[in-house]
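Residue-level listing of the chains:
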Amino acid sequence: MDLDKSYFEAMEAKIPKGKVRTRFAPSPTGYMHVGNLRTALYTWLIARHAGGTFILRIEDTDQSRQVEGATEVIYRTLAECRLDHDEGPDLGGPVAPYIQSQRRDTYGKYAHLLVEKGHAYYCFCEKTESEEDSGQFGRADDPCRDLDPAAARARVEAGEPYVVRQRIPKEGTTTFHDAIFGDITVENSTLDDQVLLKRDGLPTYNFANVIDDHLMGITHVVRGSEYLSSAPKYDLLYQAFGWEVPTYVHCSPVMRDAQNKMSKRHGDPSYEDLRDQGYLTEAILNYVALLGWSPRGELAEREVFSLEDLAQAFDLGGMSKSPAIFDIDKLTHFNALYLRAMSPEDFARAAEPYIRQAVKNPAIDAAQVTALLQARCEKLTEIPEKVDFFEALPDYGVELFTNKKSKTDPEVSKAMLQAAIPMLESLGEWSQDSIHDGLVALAESLGVKNATLMWPVRIAAAGKAVTPGGAVEICRILGREETLRRIRLGLDKLA
RNA sequence: GGCCCGGUGGUCAAGCGGCUAAGACACCGCCCUUUCACGGCGGUAACACGGGUUCGAUUCCCGUCCGGGUCACCA
């Protein structure tokens, strides 16, 4: 083993100091689920709130689980969500490389260093079945633990396969601190001599994490609470190296229901799935931020936060210890809020493609349609089905002409439509106001309520019971000719 | 099963020894109205249970129950 002191000194020298540094460290699975996104968001928020540095690190130490195009999904998602990183595989940085598979030598060196220090040992056992039959204790009494160091080193140098295991004290307790869970103390006897360096020379997740977080100068380690129980072993590792322990921030999981986490396996949506379902990135981030974190003090009642607002308001004290169930209805509500908050121009730009998906006829003015839609849709993807009647009159039944509230039935409707035709034909200009005034005046002269006339006109014009906009808007958009054609068609049905 | 963590309405949650226990989503009414929405107003609905500590517990402690996590040469 060459334990070149200067190597470690050089590594230490590169570590940036004095600023908050956080890292999002996904393993490339090709799927960015909501829990992942939330972890990335919180990690980013901690950095930005403090004016610190946000780092992207790819954890690909599992040779058997590589997924094609997986890192692209990560880059894409972070970029779309505007969770920009300052250092990473693509950008480089002072502590490059940022891909674990490219840091292999480093882990090996530190593993051997730890053996040298006596806090780890070489293990030549085939597999770890001994844990099974060691009774009460989850930990094996690994025979290699007490091998003579010199003898063990000789076997390693002779090329015998080995793993490096952490030497956990048999006695005593270890207490570690988490920013949201507080102090947690465990008996060392419940901790096992975990593998640090695998037989293939690559580090385990736990080891690589500690090494990288230290060497990259990470000050806040944000991760899922499933790592809570391995955290004491991390502290022991930091102690063994004589390193400063970073602040741990363990996040409770995002659940699909009371007992299951969100997962790809269950078909739960990833960020990109949600986006494809018509959810706005800002709405997703806003909602996800509030799943497990809530503002406190005077902000306690506020729910709408832009990314910038979040960066300013975010604090670890507002984080929840218990799991949160993902509620698509509430996300939908946020989406509707964001849709309505858009300027009419922005909304029109976003909505037009969806309108054109259903309405090809260039005579239909998409801009006029979007104006009707803004207060009426929760997701952009529901637009096509709402506006398809502009393209083609649906085949509808006469029962639609019956509405008890506006006192209309087929008989009344027939009279209304018959009266409407000459009026609409003689209208000077075809505008919102002229149609509206004409119809209202007609209702008055006929001695009926506006609704009694409007209902059949709208039904005849649209061919469906529920429409965005009323009779006037629909007629205006359809144009005089098409409106009259549809009303005559309605009359045919009523004949 | 051992160890660790958690437990306020269906959901997200505020609360951090004294409150008629916020707010939001969903749901249900009413108003507005040219259908549906939007908007406005109102309503149903919660401190898991049992012991302590205390003048006083949702809040602090213990136990029970329930839920989650973890016990890999996966992350």
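Before reading on, note that the structure itself is shown above.
Engineer: Go over the nonpolar core with me, naming the residues and quoting the values.
Structural biologist: Counting residues in each nonpolar core, the largest one holds 101 residues, and the members touching the most others are Leu 83, Phe 326, Val 387, Phe 390 and Leu 424. The greatest single-element share of this core, amounting to nine residues, is contributed by helix α2 (residues 34-49). Leu 424 has contacts with Trp 430, Ile 435, Leu 439, Arg 480, Thr 483, Leu 484 and Ile 487, leaving out every residue within four places of it along the chain. Counting residues in each nonpolar core, the second largest holds 43 residues, with Ile 15, Tyr 162, Phe 207 and Ala 240 among its members.

Engineer: Let's hear about the pattern of salt bridges: which residues, and what values?
Structural biologist: Applying the stated rule across the entire model yields 29 salt bridges. Across the pair Glu 272 and Arg 76 runs a salt bridge, and its minimum N-O distance is 2.8 Å. Placement of Glu 272 in helix α8 (residues 271-276) and of Arg 76 in helix α3 (residues 70-80) is noted, with a sequence separation of 196 residues between them. With a relative accessible area of 39%, Arg 76 lands in the partly exposed category. Between Glu 226 and Lys 261 there is a salt bridge, and its shortest N-O distance comes to 3.9 Å. Taken as a pair, Glu 226 in the loop between β8 (220-224) and α7 (231-241) and Lys 261 in the loop between β10 (254-255) and α8 lie far apart in primary sequence, 35 residues in all. Glu 226 gets classed as partly exposed once you look at its relative accessible area, which sits at 44%.

Engineer: Account for the sheet that holds strand β4 (residues 163-166), with residues named and values stated.
Structural biologist: With respect to topology, three strands assemble into an open sheet ordered β3-β4-β7, the strand pairing being antiparallel. A single partner strand is all that each edge strand has here, and the edge strands are β3 (120-123) and β7 (195-197). Taking the axes of each pair of neighbouring strands and ignoring which way they run, one obtains an average angle of 40° across the sheet. Pairing of β3 with β4 involves four bridges; the strand directions are antiparallel. When the bridges of β4 are listed, Cys 123 appears paired with Val 163.

Engineer: How would you sum up helix α16 (residues 432-446)? Please name residues and give values.
Structural biologist: An α-helical segment advances 3.6 residues per turn. Residues three or four places apart therefore align on the same side. Taking 1.5 Å of rise per residue, 15 residues should cover 21 Å, and α16 covers 21 Å from first to last C-alpha, within 8% of that figure. Restricting attention to buried positions, one finds in α16 the residues Ser 434, Ile 435, Gly 438, Leu 439, Leu 442 and Ala 443. Relative to the axis of α16, the buried residues are bounded by an arc of 160° and lie together on one face. Facing away from the buried side of α16, by more than 90 degrees, are the exposed residues Asp 433 and Glu 444. On its buried face, α16 is in contact with α15 (410-426), α17 (450-462) and α18 (471-478).

Engineer: Lay out the pairing of β4 in plain terms, naming residues and giving numbers.
Structural biologist: The alternating pattern of β4 places Val 163 and Arg 165 and Val 164 and Gln 166 on opposite faces, both of which are buried. Sheet topology places β4 next to β7; two bridges connect them, and they run antiparallel. Bridge pairing in β7 places Val 164 opposite Leu 197.

Engineer: So what about the environment of Lys 17? Which residues, and what values?
Structural biologist: Checked against the element boundaries, Lys 17 lands in the loop between α1 (5-14) and β1 (21-24). Taking the C-alpha atoms as reference points, Lys 17 and Gly 267, separated by 250 residues in sequence, lie 42 Å from one another.

Engineer: So what's going on with the packing of helix α13 (residues 366-373) against α18? Residues and values would help.
Structural biologist: Contact geometry for α13 and α18: axes closest at 10 Å, N-to-C directions at 165°. Here α13 is positioned roughly antiparallel relative to α18, judged by the angle of their axes. When the axes of α13 and α18 are compared, the crossing they make is left-handed. On the side of α13, the interface is formed by Gln 368, Val 369 and Leu 372, while α18 contributes Glu 473, Arg 476 and Ile 477. Residues that form the contact of α13 with α18 fall into these classes: three nonpolar, one polar and two charged.

What counts, and at which threshold
All residue numbers refer to position in the chain's written sequence, counted from 1. Written order determines the labels here, with chains lettered from A and ligands numbered from 1. Only residues with pLDDT of at least 70 are given local features in this predicted model, and only at 80 or more are side-chain atom pairs given and counted; all residues enter the totals for whole chains, interfaces and linings. In computing side-chain values, all of the structure's heavy atoms are included and hydrogens and water are not. Take the buried residues of types Ala, Val, Leu, Ile, Met, Phe, Trp, Tyr and Cys, join any two whose side-chain atoms come within 4.5 Å, and each joined set is a nonpolar core. When a residue's accessible area, from a 1.4 Å probe over protein chains only, is under 20% of the maximum for its type it is buried; when over 50% it is exposed; and in between it is partly exposed. Starting at the N terminus, helices and strands are each numbered in turn, a helix being any DSSP run of H or I of at least four residues and a strand any DSSP run of E of at least two. Contacts are residue-level and defined by heavy atoms, with any inter-residue pair within 4.5 Å sufficient. Criterion for a salt bridge: a side-chain nitrogen of Lys or Arg within 4 Å of a carboxyl oxygen of Asp or Glu. Only strands joined by at least two bridges in the DSSP assignment are considered to pair. In this analysis an axis means a line fitted to C-alpha atoms, helices contributing only their contacting stretch, and an angle means the value between N-to-C directions, from 0 to 180 degrees. What a helix should span is 1.5 Å times the count of its residues minus one. This arc describes the spread of directions from the helix axis toward the C-beta atoms. For classification, angles of less than 35 degrees are called roughly parallel, those exceeding 145 degrees roughly antiparallel, those between 65 and 115 degrees roughly perpendicular, and all remaining angles oblique. Take the far helix as the reference: if the near one is turned anticlockwise from it by less than a right angle, the crossing is left-handed, and if turned clockwise, right-handed. Each residue gets one of three labels, nonpolar for Ala, Val, Leu, Ile, Met, Phe, Trp, Tyr, Cys and Pro, charged for Asp, Glu, Lys and Arg, and polar for the others, Gly among them.

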